[in-house]
Amino acid sequence: MDERLTHDFDPLAPETFTTAHEMYAELRMKCPVAHSNAFNGFWALFKYEDVVNVLKQPDTFITSVQNVVPKVATTGRRPPLHLDPPEHTPYRRALDPFFTPEKMKQMEPKVRRIVAELMQPLLDAGGGDISSEFGQKLPGHVFAEFFNLTVDQSMRIKEVSKVYNKALQDTNDDLVRETSKQLYDIAAEIIADRKANPRDPAEDVTAALLAKTYQGKPLPDDLVLGTIRQLIVVGMIAPSVFVGNMIIHLSKDQELQRTLREQPELIPAALEEFFRLYTPYRGFARTANKDVVIRGRLIKKDEPIAVVFMSANRDEDVFPEADKFILNRPNIKQHIAFGLGPHQCPGAPLARMMMGITLEHLLKHTTHFEVTGEPVMTRWPEWGTHSVPMRLTRAH
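As the structure is a prediction and not an experimental result, all values here were calculated from the model.

Participant: Give a detailed account of the side chain of Asp 315, specifying residues and quantitative values.
Facilitator: Mapping Asp 315 onto the fold places it in the loop between α13 (309-312) and α14 (348-364). In this structure Asp 315 comes out as buried when scored by relative accessible area, which is 2%. Within the structure, the side chain of Asp 315 is placed 3.0 Å from the backbone nitrogen of Tyr 48, a separation counted as a polar contact. In this structure, Asp 315 is in contact with Arg 28, Lys 47, Tyr 48 and Ala 322, ignoring residues within four places of it in sequence.

Participant: So what's going on with the sheet that holds strand β11 (residues 366-371)? Residues and values would help.
Facilitator: The strand order across the open sheet formed by 3 strands is β4-β14-β11, and the pairing between neighbours is antiparallel. The open sheet has two edge strands, β4 (127-129) and β11, and neither has a second partner. The mean angle between the axes of side-by-side strands here comes to 20°, regardless of whether they run parallel or antiparallel. Two strands pair when backbone bridges link them, and β4 and strand β14 (residues 389-394) are joined in this way by 3 bridges, in the antiparallel orientation. Bridge pairing in β14 links Asp 129 to Pro 389. Against the sheet, α14 contacts β11 and β14, and its axis sits at roughly 110° relative to β11.

Cut-offs used in this document
- Residues numbered from 1 in each chain as written.
- Predicted model: local features only at pLDDT ≥ 70, side-chain atom pairs only at ≥ 80, totals over all residues.
- Heavy atoms only, no water.
- Helix = DSSP H or I, 4+ residues; strand = E, 2+ residues; numbered from the N terminus.
- Buried < 20%, exposed > 50% of the residue type's maximum accessible area, 1.4 Å probe, protein only.
- Polar contact = N/O pair within 3.5 Å; in protein donor to acceptor, adjacent residues only side chain to side chain.
- Contact = heavy atoms within 4.5 Å.
- Pairing = 2+ DSSP bridges.
- Axes fitted to C-alpha atoms, helices over the stretch in contact; angles between N-to-C directions.

Quick look at the structure:
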């Protein structure tokens, strides 16, 4: 049993579009249970089997200590992600009804309108930066509809989230705390508005949380606040970094671009393979509540563990030819881009809709597009693009 705390990889090394996946492929082969001294020290699991085993054991590998590496939640608990079952369950029960097929059907025309409006300037200009000019704006507008916010409120969230995320990337702790507080202030405004102007809990997420009870009592005010604060941010970042990833792939594979343009019914299947290949969250964190041994390495109680979804999704033992795009891959449903277990992302249906409509609209209104410069990448814990310059030829 290996008890050494070695420095096996550097999560802060500068990256291009391919280097992180290359590094993780090497780690899966040579050091699948790795330790890094970055972010005050943490473990990382790179093999699919190990990641899934941890996600399936929420009693041992808990999320209430730390839900992401580095630990950024210094300003209060934010359900459901910061709580373990069964404490997290009432929050999920309040949220899950908003992501049913029926609710998504109601959202679809709104998402189509938003995608069309936001993409029009790029179509008119013959190109631009698909990440900063479209991808980073899309979630804010969609969330305005989803949360019944004004677009001004939602854009404020988007702007503050942008600063918050950059502060995380730059490990600027003071700015992280300041922007986190601003996000709490916005969440508090939304809650105050719902209390002053009640809405139907079946139609409004905030109203649903305010109406929910647990063991006969309303959910605590501070945890309802934390839930809204969590929701308004966690869904903003992943879609905004994922859009550029798809565009880069399709720019390199013009044949696939043509196929999807001619057969848009293949887009949902293509999307799942994009989620597997270009998982936008490297992974979340768990903490073992006792000493555990994984592949011969001792992980002590309370040491943080990153479960690296994006590496697991390219594990050759599960996905043959894992670095290749394979349409209708037989076991594609095994990908864990949205996690697994009690903390699986509740917003996955909305993310799938947003990304599917984006791809459909872009392909329908162009005859060709290509990337024209080097992408700018995000840093741990997200993976994806901040900036992707492209040019396109409009369809007439």
